[in-house]
2 protein chains.
Amino acid sequence: MHTSIATVCLSGTLEQKLHAVAAAGFDGVELFENDLIASTLSIEAIRAMTEDLGLSIDLYQPLRDVEGVPEEKWSATLARASAKFRLAASLGAPTVLVCSSVRSDTVQDDAVIVRQLRALGDEANRAGVTIAYEALAWGRHVSTWDHAWRLVEAADHPAVGLCLDSFHILSLGSDPSAIAQIPGEKILFCQLADAPSMQLDVLSWSRHHRVFPGQGDFDLVPFMRALLATGYDGPLSIEVFNDVFRQIDPVANAIDARRSLLNLQNAVANAIELTGGEPPAGLTRVTHSRPAEDFSFVELAASPGQELPAVLISLGFRFRGRHRTKPLTLYTQGVIRLVLNEAAAQDLGSIVGIGFEVPSVDAASQRATDLLAMEVNRSTDAGEELLRVFRAPDGTEVSFAAECLTGDPGWVAEFVGGEPAARTAPLDGVHHLEQIDHVSLAQPWQHFDEAVLFYKSLLGLRPLSSTDVADAHGLIRSQVMQTGSGTVTVVMNVLPAAPANAKDIADQYADHIAFQTPDLRGLARALQSEGVPMLHIPANYYDDLEARFDITRAERLELQALNVLYDEDERGTFLQAYTIPVGKVFVELVQRDRYSGFGAANSSVRRAAQSMATQLGR
Amino acid sequence: MHTSIATVCLSGTLEQKLHAVAAAGFDGVELFENDLIASTLSIEAIRAMTEDLGLSIDLYQPLRDVEGVPEEKWSATLARASAKFRLAASLGAPTVLVCSSVRSDTVQDDAVIVRQLRALGDEANRAGVTIAYEALAWGRHVSTWDHAWRLVEAADHPAVGLCLDSFHILSLGSDPSAIAQIPGEKILFCQLADAPSMQLDVLSWSRHHRVFPGQGDFDLVPFMRALLATGYDGPLSIEVFNDVFRQIDPVANAIDARRSLLNLQNAVANAIELTGGEPPAGLTRVTHSRPAEDFSFVELAASPGQELPAVLISLGFRFRGRHRTKPLTLYTQGVIRLVLNEAAAQDLGSIVGIGFEVPSVDAASQRATDLLAMEVNRSTDAGEELLRVFRAPDGTEVSFAAECLTGDPGWVAEFVGGEPAARTAPLDGVHHLEQIDHVSLAQPWQHFDEAVLFYKSLLGLRPLSSTDVADAHGLIRSQVMQTGSGTVTVVMNVLPAAPANAKDIADQYADHIAFQTPDLRGLARALQSEGVPMLHIPANYYDDLEARFDITRAERLELQALNVLYDEDERGTFLQAYTIPVGKVFVELVQRDRYSGFGAANSSVRRAAQSMATQLGR
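Reading guide: rules and limits
- Numbers given to residues run from 1 along each chain, matching the order in which its sequence is written.
- All chains are assigned letters beginning at A, and all ligands numbers beginning at 1, according to the order in which they are written.
- In keeping with the predicted nature of the model, local features appear solely for residues at pLDDT of at least 70, side-chain atom pairs appear and are counted solely at 80 or more, and the whole-chain, interface and lining totals rest on all residues.
- Neither water nor hydrogens contribute to the side-chain values; these are computed over all heavy atoms in the structure.
- Boundary definitions for the domains trace back to an automatic or database domain assignment.
- Working rule for contacts: check all heavy atoms of both residues, and any pair within 4.5 Å makes them a contact.
- Two parts placed together each lose some accessible area under a 1.4 Å probe, and the buried area is that loss summed for both.
- A side-chain nitrogen of Lys or Arg and a carboxyl oxygen of Asp or Glu constitute a salt bridge if their distance falls within 4 Å.
- Side-chain atoms alone can form a polar contact between residues adjacent in sequence; in general such a contact is a pair of N or O atoms within 3.5 Å, and within protein one must be able to donate a hydrogen while the other accepts it.
- Polar here means any residue other than Ala, Val, Leu, Ile, Met, Phe, Trp, Tyr, Cys and Pro, which are nonpolar, and Asp, Glu, Lys and Arg, which are charged; Gly is therefore polar.
- Paired strands, in this sense, are two strands between which DSSP finds at least two bridges.
- Counting from the N terminus, the helices are DSSP H or I runs at least four residues long and the strands are E runs at least two residues long.
- Axis definition: a line fitted to C-alpha atoms, over the contacting stretch in the case of helices. Angles run 0 to 180 degrees between N-to-C directions.
- UniProt positions are given in the numbering used here, feature names are shortened, and annotations may be inferred rather than shown by experiment.
- Categorising residues by exposure relies on relative accessible area from a 1.4 Å probe, with only protein chains included: less than 20% of the type maximum marks a residue as buried, more than 50% marks it as exposed, and the intermediate range marks it as partly exposed.
- Any Phe, Tyr or Trp ring, taking Trp's six-membered ring, that has another such ring centre within 6.5 Å forms a pair; planes under 30 degrees apart are called stacked, those over 60 apart edge-to-face, and the others tilted.
- Note on criteria: charge over ring means Lys NZ or Arg CZ within 6 Å of the ring centre, with the direction from the centre no more than 35 degrees off the ring normal.

Trainee: Would you mind going over the domain arrangement of chain A in detail, with residue names and values included?
Mentor: Residues and elements named next belong to chain A. On domain assignment, one finds that chain A holds domain 1 (3-274) and domain 2 (294-615). A C-alpha centroid distance of 43 Å is found between domain 1 and domain 2. Across the contact, 19 residues belong to domain 1 and 13 residues belong to domain 2. When domain 1 packs against domain 2, close to 1,400 Å² is buried across both sides, 60% of that on carbon and sulfur atoms. Area buried by domain 1 at its contact with domain 2 is led by Gln215, Arg259 and Asn263, which between them contribute 40% of it. In this assembly, domain 1 and domain 2 are joined by zero salt bridges. Viewed at the interface, domain 2 and domain 1 are joined by four residue pairs in polar contact (both at pLDDT 80 or more). For the side of domain 1 that touches domain 2, the per-class residue count stands at nine nonpolar, seven polar and three charged.

Trainee: Describe the sheet that holds strand β19 (residues 462-471) of chain B, listing the residues and the values that go with them.
Mentor: Residues and elements named next belong to chain B. Here eight strands make up an open sheet; going across it, the order is β19-β20-β21-β18-β22-β25-β24-β23 and the pairing mixed. In this open sheet, the two strands that pair with only one neighbour each are β19 and β23 (565-568). Ignoring strand direction, the axes of neighbouring strands in this sheet form an average angle of 20°. Where strand β22 (residues 511-516) lies against strand β25 (residues 585-593), six bridges are found, and the strand directions are parallel. Bridge pairing in β25 places Ile513 opposite Val587.

Trainee: Break down the UniProt feature "binding site: a divalent metal cation" (unreviewed entry) in chain A for me, with residues and values.
Mentor: Residues and elements named next belong to chain A. The sites that UniProt annotates as "binding site: a divalent metal cation" (unreviewed entry) are Glu134, Asp165, Gln191 and Glu239. These annotated residues cover 106 residues of sequence, and their C-alpha atoms all fall within 13.1 Å of one another, placing them together at a single site. According to the relative accessible area criterion, Asp165 is buried, its value standing at 2%. With near-sequence residues (within four places) excluded, Asp165 lies in contact with Glu134, Gln191, Arg210, Phe223 and Glu239. Within the local environment of Asp165, its side chain forms a polar contact with the backbone nitrogen of Phe167, the two atoms lying 2.7 Å apart. Mapping Gln191 onto the fold places it in strand β7 (residues 187-192). Leave out the neighbours within four places in its chain, and Gln191 touches Glu30, Leu59, Gln61, Leu97, Glu134, Cys163, Leu164, Asp165, Ser166, Ser237 and Glu239.

Trainee: Just give me the short version of the pairing of strand β22 (residues 511-516) of chain A, but keep the residues and values in it.
Mentor: All names here are of chain A. β22 sits mainly inside the fold: six of its six residues count as buried. Bridging between strand β18 (residues 435-443) and β22 involves five bridges; their strand directions are antiparallel. In the sheet register, Val439 faces β22, and the bridge partner there is Ile513.

Trainee: Summarise the interface of chain A and chain B; cite the residues concerned and give the values.
Mentor: Residue-level contacts link 50 residues of chain A with 50 residues of chain B. Here chain A packs against chain B, burying approximately 4,000 Å² in sum over the two surfaces, 60% of which is carbon and sulfur. On the chain A side of the interface with chain B, the three residues burying the most area are Ile37, Gln247 and Asn540 of chain A, jointly 15% of the side's total. Joining chain A to chain B, the criterion identifies two salt bridges.

Trainee: Tell me about the packing of aromatic side chains, and please be specific about residues and values.
Mentor: Counted according to the given criterion, the structure contains 32 aromatic pairs over all chains. Just above the ring of Phe598 of chain A sits the side chain of Arg592 of chain A; from NZ or CZ to the centre is 4.9 Å.

Here is the structure:
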């Protein structure tokens, strides 16, 4: 379908916005009045620029407080509206958005509004444009889509139709299904936005917290299905007011917006097919690819002098060799593969890449390309396996790898000079890490929503619980993303927007890898006897633990001696231990017994202990 | 009265928090459980450290979900509570905070709660502590202070009393006056917090948006009066959960907190006196000082090579000379005095100091000192007037000057080698700036609340309207602060927390001075004929103006030709024009005709025009 985006979504001057919209591949824009007024470009220049960029101007918006107008203000209001209709016509915009009025003096009388909509329609008609009437969720008299529709239906004017905005409809909890009853030709425009669930007044929610479809908690699919059932084939346009999006690079942001629209269209088509329907031909599809099934490898920034290799060996990893041509080394334990990249030591955080096993590398890569992900070109020598690598919003390189049920993936053979893989777990049964429990990635606050959609749409990770962890330097939002099968979990830790002087503190130890072990106490005991430095957990924590949970003094003393943390939920128990930070990374060891969380209750203690370890020089 | 602060208000480790609390001059702390648990300090070490710092531990908090407990969980709950009571006793904390329960399985039966409070009281008594029961605004069964009080009254236990928290009471809109009926000895603790008005669920509001008293929209004085009427003389303790405060320097933050408590105590005493009462002797007073009456001078960073002097001369200012001993020059026009500081050119923003005329310099300075403002020591040579200078949270140097109804203040004579002052307005009647309309200061986002309280408590400026200005690089919160008489206005522009790569863009042109003129059109015409470069306002703005307001084509063309912006409110009209940015500062010229705003509707256009001017090399 014809895709569009409101200029108000993006940062920059109007020129910068238009270039970003075109670069992201949109078909058109909604031109926001303020962007026009503040621009030094003339109407003609704007029209010429959009044409050069291959963009249509699909909507001029908004015209406010032009219905329910008291009689004494009506002629001035109509004159103002007419001026805007002529302006829209000069821009080549076919439609002007009319919002339901919010002024306190709004005449709350449907008959008056219908009469005024007709008069506006006459003026619009004269200028050669149409008006799309939209119910703002906080409109004074008209706040629901069905009220707006009744008025448009009553106005019965060829130049007067409806604008439907998913935010205004879904934020009120309105059922969108009856939209399907509207004649499609009376819907002149569709604006799309999502939002996180909040108990905030709807105006503030709308003005500051909208996000792109798929990034929030609204279910836009039923709304879209009802819309398409009317036969609507006009623009699908993103209109998001978001404090963060207003600040960030407009090109990356426009690409994120268009990804959301591609993903939504595809989800809608899938939903229609699933119920035996035939999706409209206009819906853009993206290549089907099943969710990631496992981690193939994790790549860490590590220079040769660092202690990370020693820690890995202590944990039971084997050194499998150096890459034949690249500054990489490989350490493995069973199916866990860690690549240390000596060239990446300066990157933010310490996890620079994640390889995901997917059912089809080709399908996953094509889907990533369809969804506008940026592919990373890696030089590959003859005989080397070509990995398809895409850059995530936080800079992490995401690779797709084929499933590997037995043995090693082909690329492992490119690492030479190390030990062979152990076929089974170590004989002592202790150094036994079974699999990666989760990978935890620091996310700059300005890319969080983009990252959620990226991992969701490309890899099938779904946002689960989100918790705020209180750190000595601020709150860290910790968002768990997991595949439906639960085999792949990525935790995104959103760092606070630190004051300039505290930036380096907040960034510390944001990335980590957690490994599952069947016997954490045994492993911790072995590591202790080998002198592997584990993170020291203060005694006060164990005093509290003993008061909080039904554990014996002996159990408490054992956990304390081993620096193992404990948590439980309604289903089971959880043990955690940490290596001291090595460079900017640390390793977590966990033992799960039906417990489904990630030890969020212990995160503050862990962060404080890490700060302390750093202050003490470890 | 005994002042205290909860450790949860501040950033840092427990040691850092305790040192900050002591440095700010508090008498004690509320120890937040998580701070204890995460600390490597033993109970004994914490107790010793607080004693060394001269701090008492006034409260251990919180104990959650220990009332309304289902029978089968009660013995474990009581055991947990007992452990915490013994812990509090070891810390030397006389009281443990018990919050009303929030669990979904809370037994919603007052009789059960009374029985459990009594049992808790027995255990507390055994440990030698008391419990202070507090109604959380989102408590499952108990959410109001009067419900909590009925339960405490019914429990009738010597170790069971009440904790009153201004946030939980005022956030629900509860009337605090009946608190006065509670026997003072049954109130064991008082927590104080303010908050901005928000339509947000009360839990999120409380956890993220509390501010120190005087920084928000709550009126804490009636609450305090009711509390004091009971005879309560226990701790007044600040308990604020704030995402920003958690990130910033704990010492500055603790000082801000104590300033809020000093200011509140003084306001309460004043309110009691105003109604003929006798304030309790324990209330700390601060020196009385009436609000600022006018600007005495504004000091700008400016090196000699910059164009600012030329622009000032064009605007009708006279060069009055160089300072005898310091790298300062002075420009005046009537009562407007601008000091250019050549040594301060590198500072953030361009306004480095503001001199305020106050009725008594001694009283204002003493009040500033009483309110913990940091005095700036300036070297003063013999014969020079000593200014009392204090540093505002954003770094601006705030000076106090005596009222100067006729002629020049004494310090003007320290500037030599320039022209004498004009006794009257220029003869042509055009170059006539009458007074400073307002001074606009950029505020780093992390110091905004602190700055509001600083200007409010030291200078009597009150927060008026706050608007969000959409800039090409983000939203700018613009907060007007004004004295009751309206003669002194400072606008604080809170810059967005910019991504690292956009910092310099967001900081541009944040500071400015606006001057009032009786004839802006005439002045603009004169400036145009002299070739003074004014900020170019795009034609699109005037097209819109013509559609929005009842102005003629001729009026529009004149405004456009002069680059004058227009606004009106229900009372009158407003004209604005801007010089192009000079260094990091710009000058605004305004003409008011009963209009009370600051042209916020034009701010986006102005910001865009400034960006454009910069891109074009002016």
